[in-house]
Each structure stands twice: as structure tokens, then as C-alpha cells.
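# Observations on chain architecture
Residue-level listing of the chains:
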Amino acid sequence: MATKTIYGIYDDEELLVEGAKKLKAARIRVKDVFSPFPIHGIDPIIGVPRTRLAICAFIYGITGTSLAILMTWFMMVSDWPTDVGGKPSMYYYMNWPAFIPVTFELTVFCAGHGMAITYLLRCWLLPGVSPKNPDPRTTDDKFMMQIDARPEQEAEIANILRSTGASEVTIH
Amino acid sequence: MHHESPLRDPLILGDKTYGDITADIARPIEGKANKYWYIVFTISVLTFLWGFGCLAYTIGTGIGQWGANKTVGWAWDITNFVWWIGIGHAGTLISAVLLLFRQKWRMAINRSAEAMTIFAVMCAAIFVTMHTGRPWLDYWLFPHANQFGSLWVNFNSPLMWDVFAVSTYFSISLVFWYIGLIPDFGAIRDRFKMKGDVVKEKIYRTLSFGWSGKAREWSRFEEVSLVLAGLSTPLVFSVHSIVSMDFATSVVPGWHTTIFPPYFVAGAIFSGFAMVSTLLLIMRKVLSLEHYITIQHLEMMNVIIIMTGSMVGVAYLSELFISWYSGVEYEGYAFMNRATGPYWWSYWGMMTCNVISPQLFWFKKIRTSLIATFVLSIVVNIGMWFERFVIIVTSLHRDFLPSNWTMYHPTWVEIGIFVGTIGMFFTIFLLFARTFPVIALSELKSILKSSGEQHKNKRALNKKAETHH
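This one's a predicted model, so the numbers in the text were calculated from it and none came from an experiment. (Residues numbered from 1 in each chain as written. Chains lettered and ligands numbered in written order. Predicted model: local features only at pLDDT ≥ 70, side-chain atom pairs only at ≥ 80, totals over all residues.)

We now examine the overall build of chain B. The helix and strand inventory of chain B stands at 17 helices and 0 strands. Relative to a compact globule of 469 residues, whose C-alpha radius of gyration would be 23 Å, chain B shows 24 Å and is just as compact. Taken over the C-alpha atoms alone, chain B extends approximately 85 × 55 × 45 Å along its principal axes. Buried positions account for 50% of the 469 residues belonging to chain B. Pairs at least 24 apart in sequence give 83% of the contacts found in chain B among residues at least 6 apart. (Helix = DSSP H or I, 4+ residues; strand = E, 2+ residues; numbered from the N terminus. Rg over C-alpha atoms; globule rule 2.2 N^0.38 Å. Buried ≥ 20, exposed ≤ 12 C-beta atoms within 10 Å, placed from the backbone. Contact = placed C-beta atoms within 7 Å.)

Quick look at the overall build of chain A now. When you go through chain A residue by residue, the secondary structure sums to 5 helices and 6 strands. N-terminal to C-terminal, the α/β element order of chain A is β-α-β-α-α-β-β-α-β-α-β. Here the C-alpha radius of gyration of chain A, 26 Å, is well above what a compact globule of 172 residues would show, namely 16 Å. For chain A, the spread of C-alpha atoms along the principal axes amounts to about 80 × 30 × 30 Å. Within chain A, the fraction of its 172 residues that count as buried is 41%. If you take every contact in chain A between residues at least 6 apart in sequence, the share linking residues at least 24 apart comes to 75%.

Below, the discussion takes up the sheet that holds strand 5 (residues 143–149) of chain A. Strands belonging to one sheet form pairs held by backbone hydrogen bonds; the direction of such a pair is parallel or antiparallel. Residues and elements named next belong to chain A. Spatial ordering of the open sheet is given by 2-5-1-6, a layout of 4 strands whose pairing is antiparallel. Only two strands of the sheet have a single partner each, and these edge strands are strand 2 (32–34) and strand 6 (168–171). Strand-to-strand twist across the sheet, computed as the mean angle between neighbouring axes with direction ignored, equals 20°. Sheet topology note: the strand 2/strand 5 ladder contains 3 bridges and is antiparallel. Across the sheet, Val33 pairs through a bridge with Met145, a residue of strand 5. Together, strand 1 (4–10), strand 2 and strand 5 form the strand contacts of helix 1 (residues 13–25), whose direction differs from that of strand 5 by roughly 20°. (Pairing = 2+ DSSP bridges. Axes fitted to C-alpha atoms, helices over the stretch in contact; angles between N-to-C directions.)

Before going further, it helps to spend a moment on the interface of chain A and chain B. Facing the 58 residues of chain A at the interface are 53 residues of chain B. Ranked by the residues each element gives to the side of chain A that touches chain B, the list is headed by helix 4 (residues 92–122) of chain A, at 18 residues. Here the side of chain A that touches chain B is composed, by residue class, of 36 nonpolar, 12 polar and 10 charged. (Nonpolar A, V, L, I, M, F, W, Y, C, P; charged D, E, K, R; others polar.)

This part takes up helix 3 (residues 76–100) of chain B. Residues that lie three or four places apart on an α-helix share one face, since the helix turns once every 3.6 residues. All names here are of chain B. Taking 1.5 Å of rise per residue, 25 residues should cover 36 Å, and helix 3 covers 36 Å from first to last C-alpha, within 8% of that figure. The axis of helix 3 is deflected most strongly, by about 40°, at Leu93. For helix 3, a buried count of 23 out of 25 residues is recorded, marking the element as mostly surrounded by other parts of the structure. Among the residues trailing helix 3, Arg102 stands out with phi positive, at a value near 55°. (Expected span 1.5 Å × (residues − 1). Bend = angle between axes of the 7 residues up to and from the residue.)

Residue and element names in this part refer to chain A. Among the secondary structure elements, Pro81 is positioned in the loop between helix 3 (53–79) and strand 3 (83–84). Take Pro81: there are 14 C-beta atoms within 10 Å of it, and that puts it in the partly exposed class. Each C-alpha atom, one on Pro81 and one on Ile9, is 67 Å from the other, the two residues being 72 residues apart in sequence.

Residue and element names in this part refer to chain B. If you check helix 10 (residues 329–340), its first and last C-alpha atoms are 16 Å apart, about what 12 residues at 1.5 Å a residue would give, namely 16 Å. What helix 10 keeps buried is the set Ala334, Phe335, Asn337 and Arg338. Relative to the axis of helix 10, the buried residues are bounded by an arc of 155° and lie together on one face. Seen from the open side of helix 10, the exposed residues pointing more than 90 degrees away from its buried face are Glu329 and Thr340. The secondary structure elements touched by the buried residues of helix 10 are helix 9 (295–325), helix 11 (344–356) and helix 13 (370–397). (Arc of directions from axis to C-beta.)

Turning our attention to the nonpolar core. Counting residues in hydrophobic clusters, the biggest one holds 183 residues, and the most contacted among them are A:Val33, A:Met115, B:Val276 and B:Leu444. In terms of residue count, the dominant contributor to this core is helix 5 (residues 158–195) of chain B (18 residues). (Core = buried A, V, L, I, M, F, W, Y, C linked by C-beta atoms within 7 Å.)

On to the packing of helix 5 of chain B against helix 6 (residues 198–208) of chain B, then. If you want to describe how two helices pack, look at the angle between their axes and the distance between the axes. Residue and element names in this part refer to chain B. The geometry of helix 5 relative to helix 6 is characterised by a closest axis approach of 8 Å and an angle of 160° between their N-to-C directions. What the angle tells us is that helix 5 and helix 6 run roughly antiparallel. For the element pair helix 5 and helix 6, the recorded crossing hand is left-handed. Taking contact as the criterion, the partners of Ile182, Phe185, Gly186, Ile188, Arg189, Phe192 and Lys193 in helix 5 are, on helix 6, Lys200, Glu201, Tyr204, Arg205, Leu207 and Ser208. Per-class residue counts for the contact of helix 5 with helix 6 are 6 nonpolar, 2 polar and 5 charged. (Parallel < 35°, antiparallel > 145°, perpendicular 65-115°, else oblique. Left-handed = near helix turned anticlockwise from the far one by under 90°.)

Here the focus is the packing of helix 7 (residues 215–248) of chain B against helix 8 (residues 260–286) of chain B. All names here are of chain B. Taken N-terminus to C-terminus, the directions of helix 7 and helix 8 make an angle of 125°; their axes are 8 Å apart at the nearest point. Between helix 7 and helix 8, the angle falls in the class oblique. The way helix 7 lies across helix 8 gives a crossing that is right-handed. Across from Phe237, His240, Ser241, Val243, Ser244, Met245, Phe247 and Ala248 in helix 7, the residues of helix 8 making contact are Phe260, Pro261, Phe264, Val265 and Ala268.

Residue and element names in this part refer to chain A. Summarising the sheet, strand 1 and strand 5 pair through 7 bridges and their orientation is antiparallel. Bridging from a neighbouring strand, Tyr10 pairs with Phe143 of strand 5. As paired strands, strand 1 and strand 6 are joined by 4 bridges and run antiparallel to one another. When the bridges of strand 6 are listed, Gly8 appears paired with Val169.

Now for the confidence of the model for chain B. On average, residues of chain B score 91 in pLDDT, and 99% of them are at 70 or above. Interface predicted TM-score (ipTM) for the complex: 0.93; the corresponding pTM is 0.92. (pLDDT = per-residue confidence, 0-100.)

Another aspect to go through is unusual backbone geometry. All names here are of chain B. Of note, the phi angle at Phe209 is positive, near 60°, even though the residue is not glycine. Following the sequence through the fold, Phe209 ends up in the loop between helix 6 and helix 7. Residue class for Phe209 comes out buried when judged on the 22 C-beta atoms lying within 10 Å of it. Although it is not a glycine, Ser288 adopts a positive phi angle of roughly 50°. Along the polypeptide, Ser288 turns up in the loop between helix 8 and helix 9. With 12 C-beta atoms counted inside 10 Å, the residue Ser288 sits in the exposed group.

What follows is about the environment of B:Gly186. Residue position: B:Gly186 is located in helix 5. When the 28 C-beta atoms within 10 Å are taken as the criterion, B:Gly186 is described as buried. A sequence separation of 96 residues divides B:Gly186 from B:Ile282, and the C-alpha atoms of the two residues are 27 Å apart. With residues up to four places along the chain from it excluded, the contact list for B:Gly186 reads A:Pro131, A:Thr139, B:Ser208, B:Trp211 and B:Gly213.

Shown next, in the form of C-alpha cells:
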């Protein structure tokens, strides 16, 4: 018995949140929500875990810091130490304050770009990728819930969607 | 949903729905440009081409074509570099710092302000790459394996810090801007899809990277925006601090001051907000965005202009005071020469435009007047250009050896390059205004209920009804 996909379209994000809560109470899993802007509070209801991208950014940042320290140490101290204006670079600690700006910039560079690239890859947002929103109106002013349902649940789900204010319910 | 105090003025005027917001912001992209757009665009392109010609001439013959000389080694080039970089700072401030402070009024203006940042940094990059004299060797600025033994770049030098700061700033701003654009490109793409315009749908599909607006995408999107804002905030402060250190770490009288970093950052924000005001005043009118970019938005920016302008004023006066109080003869002379020497007009132009004129914004009538804002924003931009000219040229033209004393006069080539960058800036900005969503429409939709006029009025009416019962 094949499962069917039910789409419930709402005109208002608050109604959709109410609908999602009712569905959750009825132990029906909402597969996804498509909306023109972020709906705050929807994630825990439909079971979207908190993203760990910030942790990634931190790791990328630390990587950038380390690379910058390694680079300035190698170029300024190890490979060719110079004495500019009576400020020799025989050891890293001698001139490290002068290396802070570059270390900071590389930290930000790696954290920002690493996080952005991870975000694009994780969401699979790349040039040439086809959009996955089933209805083009969901980037304009409609809010859509997508539910995978067994045929015997269909009526119940459609009922919950309509009773919470869905303006359109379609079953595919 | 957040509820907002009824005392706050609405940020979105008129009886707007979510659909109206998409339609209003997509209109310039879908419609045809009017006559004025073509006139301004033609002028900008011609100016840009003229500047391009002057650039080519400089590359072909060398920077001897400029007025800079042995005594005044930095002049027009670095003045314009610092001016353009400073202008860029407002964009990052609006999109990053105001995001961290949860200022909702940023949402109508952050997209175009960030675009301005990117275009301004591009203009700044022209001067900084050209002033090296042999721009085709500019890759020497970056540390790379080389045949010089291998002698590396000098990380003790603020000029080197500047290379890293400006390139990081440009690329991070570009990423921040584009990440924010993806959902809005998605909205534009879907409009063309519904209209059946296959070609444009394809273009915007590519630009939107296949955005779908799924809950997971939004949750990650918000996290990325927040972290990028957190990263950009110290970044924007670091960039102009480092630019100021190009001067402050030298021993030239007038440059060797510890207040330079905060003073430069305040000045950058000051000039940047002035440029945002100039651009938005034109844009809201030409693209009919008066309901989104309201008088209130302009007033907020004018408040920031008074604040940063006053900070700059305090910095000018403390510099002046310290040059006398320190008892250092050279410092004292440098400032006396600024105020009364052959470049007195640039010093007093700077003082009038930057310290006196923004104080007019203390009057509510002036800071809420469109014409006054427009005029004063241009005055501030002129003043901030003079500031950099004063700092650079007046400090250099009379150095420690009186036999070196000389004057600096710009040549037509330099003036041509500067005018050309203004043309380039407007050319790119005008193209942006016709092809990109100039307002972050998805962000704006998220505040429609809390800050939209009709929603606020409705809530006020409900409250009235409750108290009557």
C-alpha cells in the first residue's frame, strides 16, 4: 500500500503552527514545512533539530587561527627572520602583537567562508539545483505543510488541516 | 510572534499583505525602466568609461601622470581609497551590528546598504591596486612561494594587515550579502515561474541556488545570518582601525596619534550612513518604495549621523588640543599649518561639513525633511573626503626638512579616475536596482505583523474595545 503525500496550504503562519501542534498531538508526523520567511517556533513541533552550524563555524575559526599562527611563525621567524626598525623576529613571542591583526582576519575569513560553504552544501543549495518547493506560491504568501500519510489516515489529516484553517488541502 | 509596543511607529506603511510585499519589491525587476533610469545610467556609464580611460593611461605611462611627488607620496589615491572604504562601513554596520541589536528598521535598508558596501570596496580596491605603481605585480602583496630567496611579505607592517583586512572584509561582505539574497531570488524565480517566463525563471533559478524555503533551510539560514553578523561586527571595526594604523604607526606629525582607530571607525560609519541616505532617498522615490523606506528610517540614520559626526568632532578637537598640550613643536606646527597654511580651505571645509552641518539634525524638522537630509548627506560626504585629504596631504607636504616642502595639485588623470569610480559605483548600483530584490523581502514579511501599519492599528482598536467593556 503506497503512502500518499498530503499538502495543506495556509494563508497565515500562525494558523499553520496551530495545525502542526494538532497534528503532533494526533501523533502524525509533518514531513516538511515550506514558507516565505522563517516561522519561529515551528522547528520543535515538526521535529527539526537545532542546527550545529555554529559549532562548525567555531571549528573553522580555530583552524584559521592556527593556520595564521603557523604562517606568521614560518615566514617571519623560521624561514627568514628579519629585523625591521630594530624589531627582530628571532622568536615568535618577540613580535606576536604585530601578528594579531592578520591572525584575527584569517580567523574570521575561515570561520565565515567555512560556515557559508557548509551551509550551502548541507542544504544542497548550489547553482543549477532545482527548487524543491511543490508550489511556487510558498515563496510569496502561502505556507505549506507536507505530510506523508497511509491511506487510512488521509481523512483524519485532511480534517485536522481544514479545521485549523488550511485554505487548500490536496492529496497526491 | 513578537509583539511590539504600540508606541513605536510602524515600519511598513499602508495596508500591505505578504503578497503585496513580494509584488512591490519584484516590480522594478519585472517592469521596464523609465526614462530617468536610462538618463542616469548613460551618464554613469560614460563617466565610468572616462575613468577607465584614465586608468588605462596611468597603467600605460605610469603614476608619474599623477600629481603625487617625492614629498607628498600619498595623495589623491589614498584619500580616495580611505573615502570609499569608509563609505562601505555603513552597509556592514546596518546588516551586522543592527542585526545583533535586533533593530527591525534595518530590514528595509540592509540589502541596498550591503550592496553599496561591496561596490564601494570595489572602487577602493582600484586606488589601492593602482597606487603601487605596477599593478600587474600586486600579487606580491600576498604571501606566496617566490623566487626572491624566498623573502616573505612583512607581517609586522600595517600595510600588510590592510591587505588581509580589506580582502577579508570584501569577501565576507559578499558572502553575507549573497546568503541573504538566496531566498529572495527564490521568490523572484517563483514569480517568473507563475508568469511562465521561462528564460527569466532559469536565470533566477540559477541565482537562487535551488532555494525551497523548507523549515530546515530557514533554521540554518537564521543561524548562518546570526553567526556571520557576529563575525562581521568585529571585522568591520578591525578594517578601519587597521586603515588608520597605516597612518598612526608612522612618525609623521598629524598621523602619529593613538585616537586614530576609533576616530577613523566613527568617521567611516558617519560617511557611510550619509551615502546610504543619499542613495536611499533617490531609490525610494524612483522605485516607489516609500511605504518600506519611510521617513522614520531616514530619521534613524540621521540620528546615527549626529552621533558619529559628534564623535568625529570630538576627535578633531582633541587632536587639536593635544597638539598644543603635548608641547611637541612638530605636532603643533602640523596643526597650525592645517588651519592657516596653504590648504586652510580643506581644513575649514572639513570642519564645516563634518562638525557643524550634522548638528542641524538635532532639529526634528530638519532630520525628518527629505530635502534637508539629501543636501546634508552630500555635504557630509564632501566633508569626509576633505578629512582624508587634510590628514594625508597637509601632513606630508611640509615634513621635517623645510627644503622638502612642496605643494600637491591633482592632475586631470587623477581627477578622471576618481570621477570614474563614482560613475562605476552608480553604474553597478543602477544595474543592481533593476535586477536584484533591493529590499530583503523575506525579512520584511517576518516583521509585517509586528510592525506593519494596519496590524498595529488593528491591535490598537482591539485594545480600545477591551477597555470600553
